[in-house]
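What follows is each chain in one-letter form.
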Amino acid sequence: MSQPIKYPFLRLDNVNRPYADELKAACAQVIDSGRYIGGQETAKFEAALAEYCGTAHAVGTGNGLDALRLIFQAYIELGQLKPGDEVIVPSNTYIASILAVSQCGLKPVFVEPDPSTHCLDNENTEKAITKSTKAILTVHLYGRIAKSSELTEIANRHGLILVEDCAQAIGADENDIKAGAIGHAAAFSFYPTKNIGAIGDAGAVTTNNAELAQAVRALGNYGSLKQYHNIYQGFNSRLDPIQAAMLGIKLKNIDNENKSRIRLAEIYNNEIKNHTIIKPAQTPGRHVYHQYVIRCLHRDKLREFLLGNGVETAIHYPTPPHRQPCYKEYANLKLPVADMLAAQVLSLPISPHCTSIQQAKEISEIINRFQP
Ligand SMILES: *Cc1c(COP(=O)(O)O)cnc(C)c1O
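Residues numbered from 1 in each chain as written. Predicted model: local features only at pLDDT ≥ 70, side-chain atom pairs only at ≥ 80, totals over all residues. Heavy atoms only, no water.

An unreviewed UniProt entry annotates the protein as DegT/DnrJ/EryC1/StrS family aminotransferase of Muribaculum caecicola.

### Observations concerning the sheet that holds strand β14 (residues 345-348)
Reading across the sheet, the three strands line up as β12-β13-β14 and stay open at both edges, with antiparallel pairing between neighbours. Each edge of the sheet is formed by a strand with only one pairing partner; in this case those strands are β12 (277-278) and β14. Of the pairings in the sheet, the one linking β12 to strand β13 (residues 292-296) comprises two bridges and is antiparallel in character. Bridge pairing in β13 links I278 to R295. Sheet contacts for helix α12 (residues 336-344): β13 and β14; angle to β13, the most-contacted strand, approximately 100°. (Pairing = 2+ DSSP bridges. Helix = DSSP H or I, 4+ residues; strand = E, 2+ residues; numbered from the N terminus. Contact = heavy atoms within 4.5 Å. Axes fitted to C-alpha atoms, helices over the stretch in contact; angles between N-to-C directions.)

### Examining the domain arrangement of the protein
As assigned here, the protein comprises domain 1 (14-111 + 118-251) and domain 2 (254-368). Each of domain 1 and domain 2 was reduced to a C-alpha centroid, and the two centroids are 24 Å apart. Counting from both sides, the interface comprises 35 residues of domain 1 and, opposite them, 35 residues of domain 2. Roughly 2,900 Å² is buried in total at the junction of domain 1 and domain 2, and carbon and sulfur atoms are behind 58% of that figure. Of all residues in domain 1, Y142, R144 and N195 bury the most surface against domain 2, accounting for 26% of the area lost on that side. (Domains from an automatic or database assignment. Buried area = accessible area lost by both parts, 1.4 Å probe.)

### Here we look at the packing of helix α4 (residues 64-77) against helix α5 (residues 95-103)
Remark: α4 packs on α5, axes separated minimally by 9 Å, with the N-to-C direction vectors making an angle of 35°. Relative to α5, α4 is oriented so that their crossing is right-handed. Touching L65, L68, R69 and F72 of α4 are A96, S97, L99, A100, V101 and Q103, all from α5. Broken down by class, the residue content of the contact of α4 with α5 amounts to seven nonpolar, two polar and one charged. (Left-handed = near helix turned anticlockwise from the far one by under 90°. Nonpolar A, V, L, I, M, F, W, Y, C, P; charged D, E, K, R; others polar.)

### Considering the site of the ligand
Neighbouring the ligand are 14 residues, the closest being G64, D165, Q168, S189 and K194. Side-chain polar atom of D165 to a nitrogen atom of the ligand: 2.7 Å apart, as the coordinates give it. One of the side-chain nitrogen or oxygen atoms of Q168 is found 2.8 Å away from an oxygen atom of the ligand. When the free accessible area of the ligand is taken as 380 Å², the share hidden by the protein chains comes to 90%. At the level of elements, α4 and α5 are the ones that each hand at least two residues to the shell around the ligand. Its residues placed into classes, the shell around the ligand shows seven nonpolar, five polar and two charged. (Near = heavy atom within 4 Å. Polar contact = N/O pair within 3.5 Å; in protein donor to acceptor, adjacent residues only side chain to side chain. Areas by Shrake-Rupley, 256 points an atom, 1.4 Å probe, with all protein chains shown as cover.)

### Examining helix α10 (residues 254-271)
Here α10 spans 26 Å end to end across 18 residues, near enough to the 26 Å set by a 1.5 Å rise per residue. Taken as a whole, α10 has its buried residues at I254, E257, N258, R261, I262, L264, A265, I267, Y268 and N269. Against α3 (40-53), α9 (241-252), β13, β14 and α13 (357-368) lie the buried residues of α10. (Expected span 1.5 Å × (residues − 1). Buried < 20%, exposed > 50% of the residue type's maximum accessible area, 1.4 Å probe, protein only.)

### Some points on the side chain of D85
Topologically, D85 is positioned in the loop between α4 and β2 (86-90). Looking at D85, its side chain comes within polar contact range of the main-chain nitrogen of K82, at 2.7 Å. Not counting chain neighbours up to four residues away, the residues in contact with D85 comprise L106, K107, S132 and K134.

### Some remarks on the packing of α4 against helix α8 (residues 210-219)
Their axes nearest at 9 Å, the elements α4 and α8 cross at an angle of 110°. Between α4 and α8, the interaxial angle falls into the category roughly perpendicular. The handedness of the crossing between α4 and α8 is right-handed. Where α4 abuts α8, its residues L70, I71, Q73, A74, Y75 and E77 lie against L212, A215, V216 and L219. Of the residues belonging to the contact of α4 with α8, the class tally is eight nonpolar, one polar and one charged. (Parallel < 35°, antiparallel > 145°, perpendicular 65-115°, else oblique.)

### With respect to the nonpolar core
Ranked by internal contacts, the top residues of the largest apolar core, which has 69 residues, are F72, L137 and Y292. Here this core gathers at least three residues from each of two domains, domain 1 (14-111 + 118-251) and domain 2 (254-368). When residues no more than four places from it in sequence are discounted, the contact partners of L137 are L68, F72, V87, I88, V89, P90, S97, V101, L120, V163, E164 and D165. Counting residues in each nonpolar core, the second largest holds 38 residues, with A155, A169, F188 and V288 among its members. (Core = buried A, V, L, I, M, F, W, Y, C linked by side-chain atoms within 4.5 Å.)

Here's what the structure looks like:
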């Protein structure tokens, strides 16, 4: 008998309402400009994103999956990766991370995460390195960066390319280095639900490598930097100026947005006191809580109980990539940590535009009443 939703998980109209006037004005300006692909608005956002992350370059893309694919394809075009090379990937990530690797003809090698951080386990990573390993894709899952200096050291020691999937982690940092500036290249997504959401699809690549940035830019533009001169068999995946103009408005506010998420997370951390529930571990650095993810052995029962009390939750993610029908060739892999996490994780409402501090306290009280 579920009640009406009193505590929604996420409402995107709420998320954008505080920005609506500015967003509409930005759209009007692009419409009036007559320039609908590339141009000043896209360049301005790319420069602002690079400055924010602390990298020399940022290149807008059509979405986050393409940002990842363009990075791997650019390394192939530059001769630093070749089809068949192994890329280490976390076994518990969103499918897009893996799709980017396999779609470029590279071989994903699934490595189990540290269950306390949900990020790649460095010891497991080092054990998985073979002479075919050429890159590591680290995913700052849920908005947390974990043990990145050790991972960077492992990548350097083995001569591996380190790519970051920052889709969930804009503004996160560790050792005062921001997501996007840790590896050799990084991919961002501005899918509407992310900490910075576009009004549609959008993404970006950040890097300090000028040659790589140029290859990514060319590949996203039919393989061309100069009109009618194609150096690669490229794609069409560019950041529209209308999205760039709106993302620029959101980027100015990202630190406040993330602070509000962290404040809600602190409420949950302090108020949830139920011994059947594992709360997110506390690690150094800034966790930006794209998701606030708890674990429970009785997850499905807990989720039902919460819904019965008007609390909407989500599961990120119910099925790990190696169990997806599209990756049948990996179905026999033994990845017990990924399977365990898929069975136990539950994401609580954490959007500051949908959940107030008072509501987070009430949700915590409801959770504390849960008995399996
Ligand atoms: C959202 C997401 C992506 C894909 O981004 P899109 O913009 O939706 O293509 C990739 N990796 C992770 C970890 C994500 O959360």
